[in-house]
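# Per-entry structural report
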Amino acid sequence: MTTTPLFPPGLTSGHPAPSAATPPPGIEWSDTARQAAFEAWLADQATQHGLLAATARPASADASFRRYFRVDRAQGGSCIVMDAPPDKENCQPFVTVAGLMAGVGLRVPDILAWDAPQGFMLLNDLGTQTLLDVLDLDNPQANQPRYMDALAALLPWQAGSREGVLPVYDEALLRRELQLFPDWYLGQHKQFVMSDAQTQVLNKAFNSIVNRNLAAPKVWVHRDFMPRNLMVPPYDFSPATAAQALGVLDFQDAVYGPITYDIASLMRDAFVTWEEDFVLEVTVRYWERARKLGLMDFEDWSQDFGAFYRAVEWMGLQRHLKILGIFARLTLRDGKPKYLADTPRFIHYVRNTANRYRELGPFLKLIDEVENLQAASGFAFGRM
């Protein structure tokens, strides 16, 4: 999972080039050969696309080995350059998914140039303001229109799904992701040694999580559909054109998997937590729209929102545990400690969900032992 937007806050698209008195910050390179290759490639692109190569500056780095630079255009505006070392990153999924998303009407970066052997890519710039930037964190209801815009992007993506195009979110992948929790969060970060009984509790919980999520109908899954990966355009737009208006980023890990995943990701965000009444309100709106598209034609989901919502919770639980492991790994293996600051948010998500389901009672007790916390209290639908 990546946890920063592809093109994060910085200079806005269309911002004038930095003046000579305030030169752009330099790009740091640890590999001089790669630096030389990049500069030669960028010089060629500057000629073809009217770029001001000297203005290239860092735009972001994410949780992978990819880096992004912003470079101004001579005629105004800017482009984004992706630096993805081919021995560490495969850009083909990005290209494939970008095409799929554009094909169903989503606003994604246009690929202007791609040097696959060297791992350099030139993209148009979708701006610098994320959906997270414009949310009113103190007034949930004020954000309802913004979340409707997000749904307007999510639903066409799901409705356009077809089998056999993207990798399947299968049992092996679900379990491999879950294993990050005991390996990295419990074992490495918490230095928590489980007894045989606790290991059995964890395995039983993982079996329930995997089996429930495998049962859900499948669609195309973004896998990181959250406000930090949705870009607000630098102009006004109406809800009628929202599907075209919000830019979608960080989609290269897309798969074919549970329909519950992206709505769980959107409403149980890594960087902002909403009270459950607002989570329910937006999820109900999603469910109503998805029903009209025929996406809820599974068991009793089309008639019973509660059945669907419980499936969303089980999907969210898998994601939360995976992210806890990833955040620990980013800190301990990759030297990126900032992510661990958000682990309490995910422990809160895990405990709240586990408290709702009797079969997860022993698992909740295990989490509380790890975190030295008291039992959580449930909210919606009581304990199942």
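Residues numbered from 1 in each chain as written. Predicted model: local features only at pLDDT ≥ 70, side-chain atom pairs only at ≥ 80, totals over all residues. Heavy atoms only, no water.

### What about the overall build of the chain?
For clarity, the cut-off: Helix and strand definitions follow DSSP, with helices as H or I runs of at least four residues and strands as E runs of at least two, each counted in order from the N terminus. Residue burial is assigned from relative accessible area. The probe radius is 1.4 Å, only protein chains are included, and a residue is buried under 20% of its type maximum, exposed over 50%, and partly exposed in between. Accessible surface is estimated by sampling points in the Shrake-Rupley manner with a 1.4 Å probe; for residues, cover comes only from the protein chains shown.
A tally of regular secondary structure across the chain gives 13 helices and nine strands. The burial tally for the chain puts 54% of its 384 residues in the buried class. When the accessible area of the chain is evaluated, it comes to approximately 16,100 Å², of which 51% is carbon and sulfur surface.

### With respect to unusual backbone geometry
Positive phi is not limited to glycine here, since Q191 has a value of about 55 degrees. Among the residues examined, Q191 registers a relative accessible area of 58% and is labelled exposed. A positive phi angle, close to 45 degrees, is found at E299, a residue other than glycine. By the secondary structure assignment, E299 is in the loop between α10 (276–292) and α11 (305–332). Assessed through its relative accessible area of 66%, E299 is described here as exposed.

### With respect to the environment of V284
Position of V284 relative to the elements: it lies in helix α10. We classify V284 as partly exposed; its relative accessible area is 24%. In the structure, V284 is positioned 21 residues away from F305 in sequence and 7.2 Å away in space, judged by C-alpha atoms.

### Digging into the environment of R228
Here R228 is to be found in the loop between β6 (218–221) and β7 (230–231). Placed 97 residues apart in sequence, R228 and L131 show a C-alpha to C-alpha distance of 6.2 Å.

### Remarks on the packing of aromatic side chains
One pair of aromatic rings is described through two measures. These are the centre distance and the angle between the planes. To keep it simple, the criterion reads: We call Phe, Tyr and Trp rings a pair once their centres come within 6.5 Å, taking the six-membered ring for Trp, and we label the pair stacked below 30 degrees between planes, edge-to-face above 60, and tilted otherwise. Look at NZ for Lys and CZ for Arg. If either is within 6 Å of the ring centre and within 35 degrees of the ring normal, a charge sits over the ring.
For the coordinates displayed, the defined rule picks out 23 aromatic pairs. Ring plane angle 25 degrees and centroid distance 4.8 Å describe the contact between F94 and F251, whose orientation is recorded as stacked. In this pair, F94 sits in helix α2 (residues 92–103) while F251 sits in the loop between β8 (247–248) and β9 (255–258), placing the two residues 157 residues apart along the sequence. Summarising the burial analysis for this pair, F94 and F251 share the class buried. One aromatic cluster in this structure is built from Y286, W287, F298, W301, F305, F308 and Y309. One cation-aromatic arrangement involves R67 over W29; the distance from NZ or CZ to the ring centre is 4.7 Å. For the cation-ring pair, R291 lies above W287, with the distance from its terminal atom to the ring centre recorded as 4.1 Å.

### Digging into the side chain of E177
Going by this rule: Here a polar contact is taken to be a pair of N or O atoms separated by no more than 3.5 Å, where protein atoms must pair a possible hydrogen donor with a possible acceptor and residues adjacent in sequence count only if both atoms sit in side chains. Whether two residues are in contact is decided by their heavy atoms: any pair within 4.5 Å suffices.
Along the polypeptide, E177 turns up in helix α5 (residues 171–178). At 2.4 Å, the side chain of E177 forms a polar contact with the side chain of Y169. Leaving out residues up to four positions away in the same chain, E177 has contacts with Y169, R223, Q318 and K322.

### Points about the confidence of the model for the chain
In low-pLDDT segments, the atomic positions of the prediction should not be examined closely. Rules: What pLDDT expresses is the predictor's confidence in each residue, scored from 0 to 100.
Within the chain, residue pLDDT values average 88, and 87% of them lie at 70 or more. The low-confidence segment residues 1–23, where pLDDT is below 50, has 78 contacts with residues more than four positions distant or belonging to other chains. For the stretch residues 376–384, pLDDT sits under 50, and the model shows 31 contacts to residues farther than four places along the chain or on other chains.

### Digging into the environment of L246
Topologically, L246 is positioned in the loop between α8 (242–245) and β8. A sequence separation of 93 residues divides L246 from A153, and the C-alpha atoms of the two residues are 7.1 Å apart. Among all residues touching L246, those that are not within four sequence positions of it are R107, R146, D149, A150, M231 and V232.

### What to know about helix α12 (residues 343–356)
Put simply, the rule reads: Here, expected helix span is obtained from the residue count minus one, scaled by 1.5 Å.
Between its first and last C-alpha atoms α12 spans 21 Å; for 14 residues at 1.5 Å apiece the expected length is 20 Å, and the two agree. When you tally the buried positions in α12, you get ten out of 14 residues, the bulk of the element. Buried residues of α12: T343, F346, I347, Y349, V350, R351, T353, A354, N355 and R356, and no others. Where the residues of α12 are buried, they touch α6 (180–189), α10, α11 and α13 (361–371).

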